[in-house]
Amino acid sequence: MKIGLFFGSFNPIHIGHLILANYILEHSDMDELWFIISPQNPFKDKKSLLNDHYRLDMVELAIKNYPKMRASNIEFSLPKPSYTIDTLAYLKEKYPTHSFALIMGEDNLKHLHKWKNANVLVDNHQIIVYPRISNDDMESAQFAHHPNIHRIKAPIIELSATEIRKMIKEKKSVRPMLPPEVFDYLDKTGFYEN
């Protein structure tokens, strides 16, 4: 079984994530796509991060009508901070018959060489790269032309969880940006309001 791994904070998950995940499933040979909720990204500030389990709840609510999508808390029990290479090694051990492809935005490709064991990661896993609006020259990225790097022509969705959190704090409507179940969840809990 071929699994696409979509890592992220999903703080919160929004319709951009779902559009992208659905596009990848419909335009690739992936059997499933797993949202890997990251407890701590080594490159991000943890202060603005909602509790792991609340973010997992939101992802589960968002994908409940998508049978080929799964929410994974696999990184919750792994050492912090979470490194993709370690998570992949753990998944390979746990699911030896599965093959795993990494899904990332084009902006991450530029900085991939800074990741832990980046060469091992790229040499041993297919990496699906979706487009992002960026002023950077992606062709100069160290791994831009590696045979395991596969660029796809997915729609460019410039929705940001940071902007959504800011709008919630400012009491602005974010209803169109979130799956309805996630909007209802945030509306009930009051998360991100302070």
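For every chain, the first residue of the written sequence is number 1, and numbering continues from 1 along that sequence. In keeping with the predicted nature of the model, local features appear solely for residues at pLDDT of at least 70, side-chain atom pairs appear and are counted solely at 80 or more, and the whole-chain, interface and lining totals rest on all residues. The side-chain quantities take in all heavy atoms of the structure and omit both hydrogens and water.

To keep it simple, the criterion reads: UniProt positions are given in the numbering used here, feature names are shortened, and annotations may be inferred rather than shown by experiment.
Looking at an unreviewed UniProt entry, the protein chain carries the name Probable nicotinate-nucleotide adenylyltransferase, with the source organism given as Bergeyella cardium. Quoted verbatim from the Sequence similarities (unreviewed entry) field of the UniProt record, the comment on the protein chain reads "Belongs to the NadD family." What the UniProt record of the protein chain gives under Catalytic activity (unreviewed entry) is the line "nicotinate beta-D-ribonucleotide + ATP + H(+) = deamido-NAD(+) + diphosphate".

**Here we look at the packing of helix H2 (residues 52-63) against helix H7 (residues 180-189)**
Applied cut-off: Axis angles are defined between N-to-C directions and span 0 to 180 degrees, where every axis is a line fitted to C-alpha atoms and, for a helix, only to the segment in contact. Segments assigned H or I by DSSP are reported as helices when at least four residues long, segments assigned E as strands when at least two residues long, and all are numbered from the N terminus. Two helices crossing with the near one rotated counterclockwise from the far one by less than a right angle form a left-handed crossing, whereas a clockwise rotation gives a right-handed crossing. By definition, residues are in contact when any of their heavy atoms lie within 4.5 Å. Residue type decides the class: Asp, Glu, Lys and Arg count as charged, Ala, Val, Leu, Ile, Met, Phe, Trp, Tyr, Cys and Pro as nonpolar, and the leftover types, Gly among them, as polar.
Direction vectors running N to C along H2 and H7 enclose 145°, while the axes themselves pass 7 Å from each other. Where H2 crosses over H7, the two elements pack in a sense that is right-handed. Residues Tyr 54, Asp 57, Met 58, Leu 61 and Ala 62 of H2 form the contact with H7, whose own contacting residues are Glu 181, Val 182, Tyr 185 and Leu 186. When the residues that make up the contact of H2 with H7 are grouped by side-chain class, the tally is seven nonpolar, no polar and two charged.

**A word on the pattern of salt bridges**
For clarity, the threshold we go by: The working definition used for a salt bridge is a side-chain nitrogen of Lys or Arg within 4 Å of a carboxyl oxygen of Asp or Glu. Only protein chains enter the area calculation, which uses a 1.4 Å probe; residues under 20% of their type maximum are buried, those over 50% are exposed, and those in between are partly exposed.
Under the counting rule described, the total for this entry stands at nine salt bridges. The shortest N-O distance in the salt bridge between Glu 106 and Arg 151 comes to 3.5 Å. Residue Glu 106 is located in helix H4 (residues 106-111), and its partner Arg 151 is located in strand E6 (residues 149-151); the two are separated by 45 residues in the primary sequence. Residue class for Arg 151 comes out partly exposed when judged on its relative accessible area of 36%.

**So, the sheet that holds strand E3 (residues 69-72)**
This is how the line gets drawn: The criterion for strand pairing is that DSSP finds at least two bridges linking the strands in question.
The six strands lie next to each other as E3-E2-E1-E4-E5-E6, forming an open sheet whose pairing is parallel. Unpaired on one side and paired on the other, E3 and E6 mark the two borders of the sheet. Averaged over all pairs of adjacent strands, the angle between their axes in this sheet comes to 30°, without regard to strand direction. Pairing analysis gives three bridges linking strand E5 (residues 126-130) to E6, with the strands arranged parallel. By the bridge assignment, Val 129 is partnered in E6 with Arg 151.

**Some thoughts on the packing of aromatic side chains**
Heads up, the rule is: Classification of ring pairs rests on two measures: the distance between centres of Phe, Tyr or Trp rings, Trp counted by its six-membered ring, which must be within 6.5 Å, and the angle between planes, read as stacked under 30 degrees, edge-to-face over 60 and tilted in between. For a Lys NZ or an Arg CZ to count as sitting over a ring, it must be within 6 Å of the ring centre and within 35 degrees of the ring normal.
Enumeration according to the criterion identifies nine aromatic pairs in this entry. On the basis of an interplanar angle of 25° and a centroid distance of 5.5 Å, the ring pair of Phe 6 and Phe 35 is categorised as stacked. Of this pair, Phe 6 sits in strand E1 (residues 2-8) while Phe 35 sits in strand E2 (residues 32-37); the two residues are 29 residues apart in sequence, bridging distant segments of the chain. Within the aromatic cluster, the residues linked to one another by ring pairs are Phe 6, Phe 10, Phe 35 and Tyr 130. For the cation-ring pair, Arg 70 lies above Trp 34, with the distance from its terminal atom to the ring centre recorded as 4.2 Å.

**Topic: helix H1 (residues 15-26)**
Under the convention used in this document: Expected span of a helix, by definition, is 1.5 Å for each gap between consecutive residues, and there is one gap fewer than residues.
Look at H1: 16 Å from first C-alpha to last across 12 residues, which is about the 16 Å you get at 1.5 Å a residue. Among the residues of H1, those classed as buried are Gly 16, His 17, Leu 18, Leu 20, Ala 21, Ile 24 and Leu 25. Buried residues along H1 sit in contact with E1, E2, H2, E3, strand E4 (99-105) and E5.

**Remarks on the pairing of E4**
Burial analysis of E4 places six of its seven residues in the buried class, which makes it a mostly covered element. In this structure, E1 lies alongside E4, joined through five bridges in parallel fashion. Note on E4: the bridge partner recorded for Lys 2 is Ser 99. Looking at chain direction, E4 and E5 are connected through five bridges and run parallel. Each residue of the ladder has a partner; that of Ala 101, found in E5, is Gln 126.

**What about the nonpolar core?**
As a reminder of what qualifies: The set of buried Ala, Val, Leu, Ile, Met, Phe, Trp, Tyr and Cys residues whose side-chain atoms join them within 4.5 Å is what this entry labels a nonpolar core.
In this structure, Phe 6, Ile 13, Leu 33, Phe 35, Met 58 and Leu 186 are the most contacted members of the largest nonpolar core, which totals 36 residues. Those elements that provide at least two residues to this core are H1, E2, H2, E4, E5, helix H6 (161-169) and H7. Other than its neighbours up to four places away in sequence, Phe 6 contacts His 17, Leu 20, Ala 21, Leu 33, Trp 34, Phe 35, Ile 36, Ile 103 and Tyr 130. Residues Ile 85, Leu 109, Trp 115 and Leu 121 belong to the second largest nonpolar core, which totals 24 residues.

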